[in-house]
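Overview (structure and organization)
Each chain, letter by letter, is given below.
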Amino acid sequence: MGDGALSGWERSSTARVMAPARPRKLAKVPFVELADGRMQGVVSSGSDIGRVYVSSVTAGAYAYACSTNNNRPCGGARGSYCNHIAALIKEAVLQYGAVRVARYLKCDLGDVEPDAASLTHAMAATRPSPGDSTAAATVFSRFLRHLAYLEFDPTTAPLPEMQWFPPTRAVA
(Lines give C-alpha, C1' and ligand atoms only; values in the text may rest on other atoms or scores of the structure.)
Protein backbone atom coordinates (compact mmCIF):
# COMPACT_ATOMS: atom_id res chain seq x y z
CA MET A 1 0.00 0.00 0.00
CA GLY A 2 1.72 3.18 -1.16
CA ASP A 3 1.05 6.77 -0.22
CA GLY A 4 -1.44 7.06 -3.09
CA ALA A 5 -3.86 4.68 -1.38
CA LEU A 6 -4.10 6.80 1.79
CA SER A 7 -5.50 10.28 2.14
CA GLY A 8 -3.40 13.01 3.76
CA TRP A 9 -5.49 12.66 6.90
CA GLU A 10 -4.86 8.91 7.02
CA ARG A 11 -1.09 9.28 6.54
CA SER A 12 -0.55 11.57 9.48
CA SER A 13 -1.01 11.92 13.18
CA THR A 14 0.46 13.44 16.25
CA ALA A 15 1.12 11.74 19.51
CA ARG A 16 2.38 13.19 22.72
CA VAL A 17 5.85 11.76 23.13
CA MET A 18 7.90 12.18 26.27
CA ALA A 19 11.12 14.00 25.50
CA PRO A 20 14.22 11.88 26.07
CA ALA A 21 16.21 12.50 29.23
CA ARG A 22 19.17 13.27 26.97
CA PRO A 23 19.55 13.19 23.20
CA ARG A 24 20.73 9.87 21.89
CA LYS A 25 22.07 8.54 18.60
CA LEU A 26 19.89 5.90 17.04
CA ALA A 27 22.53 4.03 15.02
CA LYS A 28 23.48 1.50 17.71
CA VAL A 29 20.13 1.15 19.54
CA PRO A 30 17.33 2.41 17.29
CA PHE A 31 14.52 1.21 19.56
CA VAL A 32 14.24 0.88 23.34
CA GLU A 33 11.15 0.72 25.51
CA LEU A 34 9.99 -0.11 29.01
CA ALA A 35 6.99 -2.34 28.38
CA ASP A 36 5.44 -5.69 29.26
CA GLY A 37 7.47 -5.97 32.47
CA ARG A 38 10.74 -5.72 30.55
CA MET A 39 13.26 -3.27 29.27
CA GLN A 40 13.42 -4.33 25.64
CA GLY A 41 14.63 -3.11 22.32
CA VAL A 42 16.53 -3.56 19.09
CA VAL A 43 20.33 -3.28 18.96
CA SER A 44 22.34 -3.09 15.73
CA SER A 45 25.01 -5.68 15.09
CA GLY A 46 28.55 -4.38 15.23
CA SER A 47 29.72 -6.79 12.54
CA ASP A 48 26.86 -7.12 10.04
CA ILE A 49 24.86 -4.14 8.81
CA GLY A 50 21.95 -6.41 7.90
CA ARG A 51 21.59 -7.93 11.36
CA VAL A 52 19.96 -6.62 14.49
CA TYR A 53 19.49 -8.17 17.90
CA VAL A 54 16.33 -8.11 19.97
CA SER A 55 17.37 -7.87 23.62
CA SER A 56 15.44 -7.68 26.86
CA VAL A 57 15.83 -7.70 30.65
CA THR A 58 12.90 -8.72 32.85
CA ALA A 59 11.95 -6.42 35.70
CA GLY A 60 12.68 -7.81 39.16
CA ALA A 61 14.39 -11.06 38.18
CA TYR A 62 16.71 -9.44 35.59
CA ALA A 63 16.43 -12.51 33.36
CA TYR A 64 17.88 -11.64 29.98
CA ALA A 65 17.22 -12.64 26.39
CA CYS A 66 19.09 -11.72 23.24
CA SER A 67 18.61 -13.11 19.76
CA THR A 68 18.91 -11.94 16.17
CA ASN A 69 15.97 -10.68 14.17
CA ASN A 70 15.73 -14.16 12.63
CA ASN A 71 15.61 -15.89 16.06
CA ARG A 72 19.20 -17.09 16.30
CA PRO A 73 20.63 -16.86 19.82
CA CYS A 74 23.25 -14.26 20.63
CA GLY A 75 26.68 -15.84 21.02
CA GLY A 76 27.70 -13.36 23.74
CA ALA A 77 24.77 -13.95 26.11
CA ARG A 78 26.17 -17.01 27.84
CA GLY A 79 25.89 -16.83 31.59
CA SER A 80 25.65 -13.05 31.78
CA TYR A 81 24.64 -9.94 29.90
CA CYS A 82 26.09 -9.57 26.42
CA ASN A 83 27.27 -6.31 24.86
CA HIS A 84 23.86 -5.86 23.21
CA ILE A 85 22.11 -5.85 26.57
CA ALA A 86 24.71 -3.46 28.02
CA ALA A 87 24.09 -1.11 25.08
CA LEU A 88 20.33 -1.42 25.60
CA ILE A 89 20.66 -0.47 29.28
CA LYS A 90 22.84 2.52 28.39
CA GLU A 91 20.37 3.79 25.79
CA ALA A 92 17.38 3.21 28.07
CA VAL A 93 19.08 5.43 30.66
CA LEU A 94 19.59 8.11 28.01
CA GLN A 95 15.98 7.81 26.83
CA TYR A 96 14.15 7.55 30.15
CA GLY A 97 16.66 8.58 32.80
CA ALA A 98 18.46 6.29 35.25
CA VAL A 99 15.98 6.75 38.09
CA ARG A 100 12.99 5.77 35.96
CA VAL A 101 14.77 2.74 34.46
CA ALA A 102 15.91 1.58 37.93
CA ARG A 103 12.38 2.00 39.29
CA TYR A 104 10.82 0.12 36.35
CA LEU A 105 13.30 -2.75 36.59
CA LYS A 106 12.91 -2.84 40.40
CA CYS A 107 16.64 -2.40 40.84
CA ASP A 108 17.65 -1.16 44.29
CA LEU A 109 20.98 0.64 44.05
CA GLY A 110 21.13 1.70 47.68
CA ASP A 111 23.21 4.86 48.04
CA VAL A 112 24.87 4.49 44.63
CA GLU A 113 24.11 7.23 42.10
CA PRO A 114 21.99 5.60 39.38
CA ASP A 115 23.58 5.45 35.95
CA ALA A 116 23.90 2.82 33.22
CA ALA A 117 27.05 1.29 34.70
CA SER A 118 25.64 0.99 38.23
CA LEU A 119 22.38 -0.50 36.92
CA THR A 120 24.23 -3.04 34.79
CA HIS A 121 26.54 -3.96 37.66
CA ALA A 122 23.72 -4.30 40.23
CA MET A 123 21.59 -6.48 37.95
CA ALA A 124 24.49 -8.65 36.74
CA ALA A 125 25.61 -9.17 40.37
CA THR A 126 22.39 -11.11 41.03
CA ARG A 127 23.59 -13.71 38.49
CA PRO A 128 20.44 -13.55 36.37
CA SER A 129 19.39 -16.52 34.32
CA PRO A 130 18.62 -16.57 30.63
CA GLY A 131 15.01 -15.61 30.09
CA ASP A 132 12.31 -16.47 27.63
CA SER A 133 13.09 -15.14 24.15
CA THR A 134 9.58 -15.67 22.76
CA ALA A 135 8.82 -11.95 23.10
CA ALA A 136 11.50 -11.12 20.53
CA ALA A 137 9.04 -11.39 17.64
CA THR A 138 6.62 -8.98 19.32
CA VAL A 139 9.38 -6.48 20.13
CA PHE A 140 10.77 -6.62 16.59
CA SER A 141 7.28 -6.22 15.13
CA ARG A 142 6.70 -3.18 17.36
CA PHE A 143 10.02 -1.72 16.17
CA LEU A 144 9.01 -2.20 12.52
CA ARG A 145 5.69 -0.52 13.26
CA HIS A 146 7.51 2.49 14.72
CA LEU A 147 9.63 2.67 11.57
CA ALA A 148 6.46 2.85 9.48
CA TYR A 149 5.46 6.07 11.27
CA LEU A 150 8.66 7.73 10.02
CA GLU A 151 7.25 7.59 6.49
CA PHE A 152 4.34 9.91 7.38
CA ASP A 153 4.49 13.64 6.89
CA PRO A 154 4.22 15.57 10.16
CA THR A 155 0.77 17.01 10.84
CA THR A 156 -1.67 17.61 13.66
CA ALA A 157 -4.50 15.54 12.17
CA PRO A 158 -5.34 12.23 13.87
CA LEU A 159 -4.16 8.87 12.58
CA PRO A 160 -7.11 6.49 12.03
CA GLU A 161 -5.43 3.45 13.58
CA MET A 162 -4.87 5.41 16.80
CA GLN A 163 -8.55 6.34 17.19
CA TRP A 164 -9.07 3.90 20.04
CA PHE A 165 -7.35 6.40 22.34
CA PRO A 166 -9.98 8.50 24.10
CA PRO A 167 -10.14 12.10 22.82
CA THR A 168 -10.38 13.50 26.35
CA ARG A 169 -9.64 12.38 29.87
CA ALA A 170 -13.33 11.61 30.42
CA VAL A 171 -14.12 8.01 31.27
CA ALA A 172 -17.19 6.48 29.69
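These remarks concern the structure in this document.

Cut-offs and rules
Residues numbered from 1 in each chain as written. Predicted model: local features only at pLDDT ≥ 70, side-chain atom pairs only at ≥ 80, totals over all residues. Heavy atoms only, no water. Axes fitted to C-alpha atoms, helices over the stretch in contact; angles between N-to-C directions. Helix = DSSP H or I, 4+ residues; strand = E, 2+ residues; numbered from the N terminus. Contact = heavy atoms within 4.5 Å. Nonpolar A, V, L, I, M, F, W, Y, C, P; charged D, E, K, R; others polar. Patch = residues over 30% accessible without salt bridge, like charges linked within 9 Å, V, L, I, M, F, W, Y side chains within 5 Å. Areas by Shrake-Rupley, 256 points an atom, 1.4 Å probe, with all protein chains shown as cover. Salt bridge = Lys/Arg side-chain N within 4 Å of Asp/Glu carboxyl O. Buried < 20%, exposed > 50% of the residue type's maximum accessible area, 1.4 Å probe, protein only. Pairing = 2+ DSSP bridges.

1. Some details on the packing of helix α1 (residues 83–96) against helix α2 (residues 98–105)
Viewed as axis vectors pointing N to C, α1 and α2 meet at an angle of 115 degrees, and their least axial separation amounts to 7 Å. For the pair α1 and α2, the contacting residues are A92, V93 and Y96 in the first and A98, R100 and V101 in the second. Within the contact of α1 with α2, the residues separate by chemical class into five nonpolar, no polar and one charged.

2. Description of a nonpolar patch on the surface
A contiguous nonpolar patch, built from L144, L147 and L150 and spanning about 290 Å² of accessible area, is present on the exposed surface. Inspection of the secondary structure puts L144 in helix α4 (residues 136–149). On the basis of relative accessibility, which here comes to 42%, the residue L144 falls in the partly exposed class.

3. A closer look at the sheet that holds strand β4 (residues 64–68)
Paired through backbone hydrogen bonds, the strands of a sheet run either parallel or antiparallel to each other. Here we have four strands laid out as an open sheet, ordered β1-β2-β3-β4, and antiparallel in their pairing. Edge positions in the open sheet fall to β1 (31–35) and β4, since each of these has one partner strand only. Mean inter-strand twist for the sheet, computed between neighbouring axes without regard to direction, equals 15 degrees. The pairing of β1 with strand β2 (residues 38–44) spans five bridges and is antiparallel. Within the sheet, the bridge partner assigned to L34 lies in β2 and is M39.

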